[in-house]
Amino acid sequence: SIDYYGRWKALQYYARRFYAPVLVSPHVESGTLSIYIVSDKTASQNGTLGLRIMDFSGKVVKETTQAVKIDPLASKVYQQLPLVDLSGANAPDWSGLVGVADLTVDGQKVSTNLVYFVPSKKIRLPHGSVSHEIARAGDGFDVTLSSAELARSVYVSFGELDVQFSDNYLDLLPGEKQTIHVSSKATLADLKSQITVISLVDAFLSHVAEK
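Only a predicted model underlies this, so the values are computations on that prediction, with no experimental measurement involved. (Residues numbered from 1 in each chain as written. Predicted model: local features only at pLDDT ≥ 70, side-chain atom pairs only at ≥ 80, totals over all residues. Heavy atoms only, no water.)

Asks: Quick question: what am I supposed to make of the sheet that holds strand β10 (residues 151-157) here?
Replies: Backbone-to-backbone hydrogen bonds join strands into a sheet, with any given pair of strands oriented parallel or antiparallel. The sheet built from three strands is open, its strands ordered β12-β10-β14 with antiparallel pairing. Every interior strand has two partners, whereas the edge strands, β12 (170-172) and β14 (196-198), have only one. Between one strand axis and the next, the sheet turns through 35° on average, direction left out of account. The pairing of β10 with β14 spans three bridges and is antiparallel. Note that in β14 the partner of valine 156 across the bridge is valine 197. (Pairing = 2+ DSSP bridges. Helix = DSSP H or I, 4+ residues; strand = E, 2+ residues; numbered from the N terminus. Axes fitted to C-alpha atoms, helices over the stretch in contact; angles between N-to-C directions.)

Rendered as structure tokens:
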């Protein structure tokens, strides 16, 4: 998960997330969306669990918020939602929807996870463009990313420049900005000239184009 030069690969960023001391984890099980919270803390915590089910352009079709008392050293379900409750007379196209679970503790968002409702091969990810801005910040630089549509596993790179990232391989929700802090001895001009931003869809399209 780390290369010869000590640079993190995708696995390392994901491992830091799924080994977080407090984790929200939504799953679809037998037609029901179950939201787990996993805590490695030794004391209970009070928090707020939020759920949004939206299409890939950001239109919310279902939203809930509830207060939760997070049990210590435990993994348990804190919310369940039968998907049939969302279907009604007109069943939604589940291949174009995503569930977003957020966990907030003491006013700070400590964990966010997405869940899809069909197998990965059936998800119709949009081919939108990811906007980026880079500016000097503190001891390094901030890269701010945004997209009008869902962008999955967004990867920022700077070619052969030596750069350390605070985070990478991010899921961007429609209209919601995320900022990555980077450290490098390179100049701002060099970073701007070498930056590349791709998403999972871009990677697939590149693979198809090479065939």
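Asks: In this structure, what is going on with the nonpolar core? I would like to understand it.
Replies: Considering soluble globular proteins, one finds that nonpolar side chains tend to be buried as a cluster. Counting residues in hydrophobic clusters, the biggest one holds 20 residues, and the most contacted among them are Leu33, Ile37, Ile53, Val68, Ile70, Leu103 and Phe117. It is strand β6 (residues 97-105) that provides the largest number of residues to this core, a total of four residues. Here valine 68 is in contact with Ile37, Gln45, Asn46, Gly47, Thr48, Leu49, Tyr78 and Leu103, once residues within four sequence places are set aside. Grouped together as the second largest cluster of nonpolar side chains are 18 residues, Val154, Val156, Leu170 and Val197 included. (Core = buried A, V, L, I, M, F, W, Y, C linked by side-chain atoms within 4.5 Å. Buried < 20%, exposed > 50% of the residue type's maximum accessible area, 1.4 Å probe, protein only. Contact = heavy atoms within 4.5 Å.)

Asks: Which parts of the structure should I look at to understand the sheet that holds strand β11 (residues 163-165)?
Replies: Judged by pairing direction, the sheet is antiparallel, and its four strands sit side by side in the order β8-β9-β13-β11 without closing on themselves. Each end of this open sheet is capped by a strand with a single partner; those strands are β8 (130-137) and β11. Adjacent strand axes in the sheet meet at a mean angle of 30° when their direction is disregarded.

Asks: Is there a simple way to explain the confidence of the model for the protein in this structure?
Replies: In low-pLDDT regions, the fine details of the predicted coordinates are not to be read closely. When pLDDT is averaged along the protein, the result is 92, and 94% of the positions lie at 70 or above. Across residues 207-211, confidence stays below pLDDT 50; counting only partners more than four residues off in sequence or on other chains, it has zero contacts. (pLDDT = per-residue confidence, 0-100.)

Asks: How do you make sense of the side chain of glutamine 79 when you look at a structure like this?
Replies: Turning to its location among the elements, glutamine 79 is positioned in strand β5 (residues 74-82). Look at glutamine 79 and you get buried, because its relative accessible area is 11%. A distance of 2.9 Å separates polar atoms of two side chains, one belonging to glutamine 79 and the other to threonine 64. With near-sequence residues (within four places) excluded, glutamine 79 lies in contact with Leu33, Ser34, Ile35, Leu49, Leu51, Thr64 and Gln66. (Polar contact = N/O pair within 3.5 Å; in protein donor to acceptor, adjacent residues only side chain to side chain.)

Asks: I keep staring at the pairing of strand β13 (residues 178-184) and nothing clicks. Help me out?
Replies: Across a regular strand the side chains alternate sides, sitting on one face of the sheet and then on the other. Summarising the sheet, strand β9 (residues 140-147) and β13 pair through five bridges and their orientation is antiparallel. Bridge pairing links threonine 144 to threonine 179 in β13.

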